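# Reading the structure
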Amino acid sequence: MSILFICSANKDRSKTAEDYYSAQYPKLQFESAGTNRVTCEKLGTHYMTQELLENATQIFVMEPKHLEAIRKEFGNGFYNKTTVLDIPDIYKYGSKELIEILKEKVDLVNLTY
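So, here is what we can say about the structure in this document. (Residues numbered from 1 in each chain as written. Predicted model: local features only at pLDDT ≥ 70, side-chain atom pairs only at ≥ 80, totals over all residues. Heavy atoms only, no water.)

### Quick notes on the packing of aromatic side chains
As enumerated under the stated definition, the model contains 7 aromatic pairs in all. Considering the side-chain rings of F5 and F30, the 6.3 Å spacing of their centres and the 15° angle between planes classify their relative orientation as stacked. You can see F5 sitting in strand β1 (residues 2–7) and its partner F30 sitting in strand β2 (residues 29–34), a full 25 residues away along the chain. Each ring, one from F5 and one from F60, has its centre 5.5 Å from the other, and the planes form 20°; the classification is stacked. Here the residue F5 occupies a position in strand β1, and F60 occupies one in strand β3 (residues 58–61), the gap between them amounting to 55 residues. (Phe/Tyr/Trp six-rings, centres within 6.5 Å; stacked < 30°, edge-to-face > 60°. Helix = DSSP H or I, 4+ residues; strand = E, 2+ residues; numbered from the N terminus.)

### Examining the side chain of S14
Tracing the backbone through its elements, the reader meets S14 in helix α1 (residues 13–24). Only 3.0 Å separates the side chain of S14 from the side chain of N10, close enough to count as a polar contact. (Polar contact = N/O pair within 3.5 Å; in protein donor to acceptor, adjacent residues only side chain to side chain.)

### Considerations on the sheet that holds β2
What holds strands together in a sheet is hydrogen bonding between their backbones, with the strands either parallel or antiparallel. What the 4 strands build is an open sheet, ordered β2-β1-β3-β4; its pairing is parallel. Each edge of the open sheet carries a strand with a single partner, namely β2 and β4 (82–84). Direction aside, neighbouring strands of the sheet carry axes that sit 20° apart on average. As paired strands, β1 and β3 are joined by 4 bridges and run parallel to one another. Paired with I3 across the bridge in β3 is Q58. The strands touched by α1 are β1 and β2; relative to β2, the strand with the most contacts, the crossing angle is about 175°. (Pairing = 2+ DSSP bridges. Axes fitted to C-alpha atoms, helices over the stretch in contact; angles between N-to-C directions. Contact = heavy atoms within 4.5 Å.)

This is the structure we're talking about:
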């Protein structure tokens, strides 16, 4: 089982989610990626790939624009396993507020059994 978190740059929101949930659920696989190829290359972070999307059991995107970026790049095939979290790009990596919001919005209960 692989859970993928996606934001724009894979710097703050999705990377926080990956790192936080990896520590909380060590038996599950968590990954993260960004939708902005140029920014990801500049920062040395992970850009979303077809392989990451296909291998994910569940995909959590931070904003509707990230779902749209997936659709534009790879088509509509991932809608059924994607959840939009509606978390704006105002949080820094690892912030307590971001982690609390993730804990409220990310439902892993049905995925961990």
